[in-house]
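# Structural overview for review
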Amino acid sequence: MTDWLRDAVLYQIYPQSFADGNGDGIGDLAGLESRLEYLAWLGVDAVWLNPCFDSPMGDAGYDVRDYRTVDRRYGTQDDMVRLVESARSKGIRVLLDLVAGHTSDQHAWFRAAADDPSDDRYIWSDGQVTGFVPSPGSRPGSYLPNFFSFQPALNFGYARTDPAEPWRQPVDAEGPRRNRQELRDIMTHWIDLGVSGFRVDMAASLVKDDPDRAETAKLWRELRGWIDHRHPQAVLLSEWSDPKVAVPGGFHADFFLHFSGMAFRSLWDNGAVKTRWAKVESCFFDAAGLGSPEDFLAEWREAVEAIDGSGHISLPTSNHDWPRLASGARTAEQLRAAYTFLLTWPTLPAIYYGDEIGMRYVPGLPDVEGSQITPDYNRAGSRTPMQWDKADPAVTYLPADPSPDRPNVADQRADPGSLLHTVRDLIALRRANPELGTSGEVEVLHAGYPLVYRRGRFLVAVNPGAAPAAAPIDPPRGRLIFGAGAEGARLDGFGYAIYELV
Ligand code: NOJ
Ligand code: CA
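Basis of the calculations
Residues numbered from 1 in each chain as written. Chains lettered and ligands numbered in written order. Predicted model: local features only at pLDDT ≥ 70, side-chain atom pairs only at ≥ 80, totals over all residues. Heavy atoms only, no water. Helix = DSSP H or I, 4+ residues; strand = E, 2+ residues; numbered from the N terminus. Contact = heavy atoms within 4.5 Å. Donors = N, O, S within 2.8 Å, 3.2 Å for Na, K, Ca; no water. Buried < 20%, exposed > 50% of the residue type's maximum accessible area, 1.4 Å probe, protein only. Core = buried A, V, L, I, M, F, W, Y, C linked by side-chain atoms within 4.5 Å. UniProt positions renumbered as here; feature names shortened; annotations may be inferred. Near = heavy atom within 4 Å. Polar contact = N/O pair within 3.5 Å; in protein donor to acceptor, adjacent residues only side chain to side chain. Areas by Shrake-Rupley, 256 points an atom, 1.4 Å probe, with all protein chains shown as cover. Pairing = 2+ DSSP bridges. Phe/Tyr/Trp six-rings, centres within 6.5 Å; stacked < 30°, edge-to-face > 60°. Lys NZ or Arg CZ within 6 Å of the ring centre and 35° of its normal.

By the naming in an unreviewed UniProt entry, the chain is Maltose alpha-D-glucosyltransferase/alpha-amylase, taken from Nonomuraea soli.

Right, let's talk about the environment of Phe259 for a bit. For Phe259, the position within the fold is in the loop between β11 (253-255) and α9 (263-268). Taking the C-alpha atoms as reference, Phe259 lies 9.8 Å from Thr275; in sequence the two are 16 residues apart. Setting aside its immediate chain neighbours within four residues, Phe259 contacts Glu239, Trp240, Ser241 and Trp277.

Only Asp20 (OD), Asn22 (OD1), Asp24 (OD), Ile26 (O) and Asp28 (OD) from the protein coordinate the calcium ion (ligand 2), and they sit 2.2 to 2.3 Å from it. By relative accessible area, Asn22 is classed as exposed at 54%.

Membership of the largest hydrophobic core comes to 144 residues, with the highest contact counts inside it found for Tyr11, Trp220 and Phe341. In this structure, Ala471, Ala489, Ala497 and Leu501 belong to the second largest nonpolar core, which totals 9 residues.

Okay, the UniProt feature "domain: Glycosyl hydrolase family 13 catalytic" (unreviewed entry) in the chain next. Sites flagged by UniProt as "domain: Glycosyl hydrolase family 13 catalytic" (unreviewed entry) map to residues 12-387. The span residues 12-387 carries 28% helix and 14% strand; its end-to-end C-alpha distance comes to 15 Å.

Around ligand 1, the neighbouring residues are Asp59, Tyr62, His102, Phe147, Arg199, Asp201, Met202, Glu239, His320, Asp321, Arg379 and Arg383. At a separation of 2.6 Å, an oxygen atom of ligand 1 approaches a polar side-chain atom of Asp59. Within the side chain of His102, a nitrogen or oxygen atom sits 3.1 Å from an oxygen atom of ligand 1. Protein contact buries 98% of the 300 Å² of open area that ligand 1 shows by itself.

Turning next to helix α11 (residues 335-342). Of all 8 residues making up α11, 7 are buried, and the element is well covered by its neighbours. For α11, every residue scored as buried is listed here: Leu335, Ala337, Ala338, Tyr339, Thr340, Phe341 and Leu342.

Judged by pairing direction, the sheet is antiparallel, and its 3 strands sit side by side in the order β6-β8-β7 without closing on themselves. Of all the strands in the sheet, just β6 (124-125) and β7 (133-134) have a single pairing partner and so form its edges. Bridge count for β7 against strand β8 (residues 142-143) is 2 bridges, and the pairing is antiparallel. Note on β8: the bridge partner recorded for Pro134 is Ser142.

Our focus in this paragraph is the packing of aromatic side chains. Two aromatic rings, taken as a pair, are described by how far apart their centres are and by the angle between their planes. Evaluated as defined, the whole model comprises 33 aromatic pairs. Judged by centre distance (6.2 Å) and plane angle (90°), the rings of Phe18 and Tyr353 are edge-to-face. A residue pair is termed long-range when its members are at least 10 positions apart, and Phe18 in helix α1 (residues 15-18) and Tyr353 in the loop between β13 (348-352) and β14 (372-374) qualify at 335 residues. Neither Phe18 nor Tyr353 differs from the other in exposure class; each is buried. Ring pairing ties together the aromatic residues Phe256, Trp268, Phe284, Phe285, Phe296, Trp300, Phe341, Trp345, Tyr449 and Tyr453, which thus form one cluster. In this structure, Arg413 packs its charged tip against the face of Trp41, placed 4.3 Å from the ring centre.

Laid out in structure tokens, this is it:
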């Protein structure tokens, strides 16, 4: 019953930045609903929304105060039901974000726990422990945070216990069992209202001190068994960035992301933000043409083997935590080759809102709702208002891209030669030809500039570099059905081609 996922194109929506329905400057569910026509026109099958639950917004909603209430800045539960129904009538499923590993320190559970030494919903020590945060309540001691200090980790137990560290409860202790049940109840609440599943935040973080994440995977496998039985139509996508572990661990799909493995960063990371992670010397989709697709291909192959057909690897364009495709020196003219790859490779494509028109990562923005991680790494640049038309966006959650030539949906929709039309045409081509989709075969013919691969009766070639490049293969015998700057296996800078072979 989750077959729909196999050939889906996903679209991620940052709700506060997408569309404002009531004119208060913050995106909301009614605004989103009014833009469903656009998403249907674009051809996406499912949207996933960042958290839109009641929250003090210290981490833009990843600090949940109440899992069952829509934050009032986004609307009401009725608005959510209307959105989900209206999306379904247009063939689009809605997934929500399940923040499974922690709550806000303003959640009623945590407020109670901070005054009650017997409460075991969170991870508490009687004294001060390195990495723990002092108790804000009458309870002595400290608690373990999961991300920011105001995000106390829910207690799913430890894979390894130690009598000297009594806060390390086993995974089947009462608190962890209660929290696991709570996850089921929260999911049921939203699925019963029509939601089609969840993107799960920090899915790998649940069981602590868990070598190879074996106990965490066991927990999710158990939940997956329950989902398959109780809600067989629902899907779980993990923020884990290790599909070879996450998918056998129970998820329908896992994203290749920036924080683990090199698959994602070796493709797109051109240094637009500086992080504590090792620098990618040259990513593959870079004008200099000094990268290679090999790191991506190696991790992808390893994951495909481990998954063995039981789920998918999702490849996003970017997300709310990472610079957009159009970031740093990568300009919009370079993106068509990237989209040709994204939409003809057998991963599950996920388009981050605005990337389809080439919205840019905007450096130098203020720290809004915890966007700033370090002085050199501000996530706000990827969270700016969706650019619907020439006017300044109605959403003022963050300043808009100030460039006079910033792209917008209205202009690109009116221009058949625009990036937006290229993305839409590629989505349509993928849908019409399952060989180009997630489950079709792929044979790599040249892993360099240009990257050339065969997908059934199609041959795809992309050149992410600025210099012309030719693959040392026989020229494809067939018809160019999509592309620009291509002559056989020789491509101009940023050229891209899909041939139908004879
Ligand atoms: C990952 C989310 O994507 C990010 O935005 C958030 O800050 C952390 N998890 C904490 O929930
Ligand atoms: Ca609003």
